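Now for the letters of each chain:
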Amino acid sequence: MDDERSVTLVAAWPGMGDVARLAGIQLVRSLDMEPWLDLVPDDHFEPASIHVAQGRSWSSTPRSGFFRW
């Protein structure tokens with residue numbers, strides 16, 4: 001592609017050892033990338049666990065988002 005506005009997408013998912021996710025975080029930090037779009041995962045994931053403390057409960061879902069540079 002000769003277009004100056006060519007796009008490259010890098011995806012990093014957690015897996016065994018969390019290596020890809022950690023590499024993605026390092027890439028975002030080292031290139032000083034900015035958040036661009038957060039995806040709401042509520043309709044796509046069920047909570048893996050529910051936390052309870054001091055009479056309150058909450059769950060955590062994976063964070064999914066796009067960063068741009």
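The residue numbering used here restarts from 1 in each chain and proceeds along that chain's sequence as written. For a predicted model such as this one, the threshold for reporting local features is a pLDDT of at least 70, and the threshold for listing and counting side-chain atom pairs is 80 or more; totals across whole chains, interfaces and linings nevertheless cover every residue. Note: side-chain values were computed over all heavy atoms of the structure, leaving out hydrogens and water.

A. Quick peek at helix α1 (residues 19-30). The end-to-end C-alpha distance of α1, which contains 12 residues, comes to 16 Å, matching closely the 16 Å that a straight helix rising 1.5 Å per residue would cover. Backbone geometry just downstream of α1 places D32 in the positive-phi region, at approximately 55°. Helix numbers and strand numbers start at the N terminus; a helix is a DSSP run of H or I with at least 4 residues, a strand a run of E with at least 2. A helix is expected to span 1.5 Å for every residue after the first.

B. Inspection of unusual backbone geometry at higher detail. For D18, which is not glycine, the phi torsion reads 65° and is therefore positive. If you trace the backbone, D18 turns up in the segment before α1. By relative accessible area, D18 is classed as partly exposed at 21%. Backbone geometry at D32 places phi at a positive 55°, although glycine is not the residue there. Note on classification: 1.4 Å probe, protein chains only; a residue is buried when its accessible area is under 20% of the maximum for its type, exposed when over 50%, partly exposed between these limits.

C. Examining the pattern of salt bridges more closely. Basic side-chain nitrogens of Lys or Arg form a salt bridge, by our definition, when they fall within 4 Å of a carboxyl oxygen of Asp or Glu. For the coordinates displayed, the defined rule picks out 2 salt bridges. One salt bridge in this structure joins R21 and D18, with 2.9 Å as the shortest N-O distance. By relative accessible area, which is 35% here, R21 ends up partly exposed.

D. Representation of a nonpolar patch on the surface in the model. Think of a patch as exposed residues, more than 30% relative accessible area, with no salt bridge, where like charges cluster within 9 Å and nonpolar side chains (Val, Leu, Ile, Met, Phe, Trp, Tyr) cluster within 5 Å. We get accessible surface area from the Shrake-Rupley algorithm with a probe of 1.4 Å; when it comes to residues, only the shown protein chains can shield them. Residues L9, W36, L37, L39 and F66 make up a contiguous nonpolar surface patch of roughly 520 Å² in combined accessible area. Tracing the chain through its elements places W36 in strand β1 (residues 34-39). Using a relative accessible area of 51% as the deciding quantity, one classes W36 as exposed.

E. Inspection of the confidence of the model for the chain at higher detail. Every residue carries a pLDDT, the predictor's confidence in it, which falls somewhere between 0 and 100. With 96% of its residues at a pLDDT of at least 70, the chain reaches an overall mean of 84. When mean pLDDT is taken per element in the chain, α1 scores highest with 92 and strand β3 (residues 56-59) scores lowest with 86.

F. How the structure looks around the pairing of strand β2 (residues 50-53). Paired strands, as defined in this entry, are two strands with at least two bridges between them according to DSSP. Direction of pairing for β2 relative to β3: antiparallel, over a ladder of 4 bridges. Looking at the pairing, H51 lines up with W58 of β3. The loop that links β2 with its antiparallel partner β3 comprises 2 residues; one of these, Q54, has a positive phi angle of about 50°.

G. Local environment of the environment of R21. Take R21: it is sitting in helix α1. In the structure, R21 is positioned 10 residues away from A11 in sequence and 8.8 Å away in space, judged by C-alpha atoms. Here, residues are in contact when the closest pair of their heavy atoms is within 4.5 Å. Setting aside chain neighbours within four positions, we find R21 in contact with A12, W13 and P14.

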